[in-house]
Amino acid sequence: MRWPEQMLELRPNCECCDRDLPPQSPEARICTFECTFCADCTDNILKGTCPNCGGNLVPRPLRPAAALLRHPASTQRVLKPQGCTAKEPIQ
């Protein structure tokens, strides 16, 4: 199998609440810049919109276990120390 040269980072936590989001978590949401949030923060605080870029947040794809061996998830945590607030969507 040929792997893409660039893979999603699969960041390990929610940028708002710091909840752990392992690579197999169906609770992870991302934007096109790979900003990562949990489903709870996405739905209840951010209303589906990335507070960083204003883009939409969608379920993060799950990386198969075999692919994780060769292309592991990121271990670098990203956290907004001031917490999250909703941003208006880009029109």
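Preceding this paragraph is the structure being described.
The rules behind these values
Residues numbered from 1 in each chain as written. Predicted model: local features only at pLDDT ≥ 70, side-chain atom pairs only at ≥ 80, totals over all residues. Heavy atoms only, no water. Helix = DSSP H or I, 4+ residues; strand = E, 2+ residues; numbered from the N terminus. Buried < 20%, exposed > 50% of the residue type's maximum accessible area, 1.4 Å probe, protein only. Areas by Shrake-Rupley, 256 points an atom, 1.4 Å probe, with all protein chains shown as cover. Salt bridge = Lys/Arg side-chain N within 4 Å of Asp/Glu carboxyl O. Disulfide = S-S within 2.5 Å.

Asks: Go over the overall build of the protein chain, please, and point to the residues and values.
Replies: Each helix and strand in the protein chain was counted, giving two helices and three strands. Sequence-ordered secondary structure for the protein chain, helices as α and strands as β, is β-β-α-β-α. Across the 91 residues in the protein chain, those meeting the buried criterion constitute 40%. When the accessible surface of the protein chain is split by element, carbon and sulfur atoms take 55% of a total near 5,800 Å².

Asks: I'd love a proper account of the pattern of salt bridges, names of residues and values included.
Replies: What the rule picks out here adds up to four salt bridges. With a shortest N-O distance of 3.4 Å, arginine 11 and glutamate 15 are connected by a salt bridge. Per residue, the accessibility class of arginine 11 equals that of glutamate 15, and both read buried. Measuring nitrogen to oxygen at the nearest pair gives 2.9 Å for the salt bridge that ties arginine 77 to aspartate 20. Residue arginine 77 is located in the segment after helix H2 (65-70), and its partner aspartate 20 is located in the segment before strand E1 (28-30); the two are separated by 57 residues in the primary sequence.

Asks: Give a detailed account of the state of the cysteines, specifying residues and quantitative values.
Replies: Within this structure, the stated rule accounts for one disulfide. A sulfur-sulfur separation of 1.9 Å characterises the disulfide bridge that pairs cysteine 16 with cysteine 84. Disulfide cysteine 16-cysteine 84: the torsion about the S-S bond is -105°, which places it as left-handed. You can see cysteine 16 sitting in the segment before E1 and its partner cysteine 84 sitting in the segment after H2, a full 68 residues away along the chain.

Nothing here speaks to function; it is geometry throughout.
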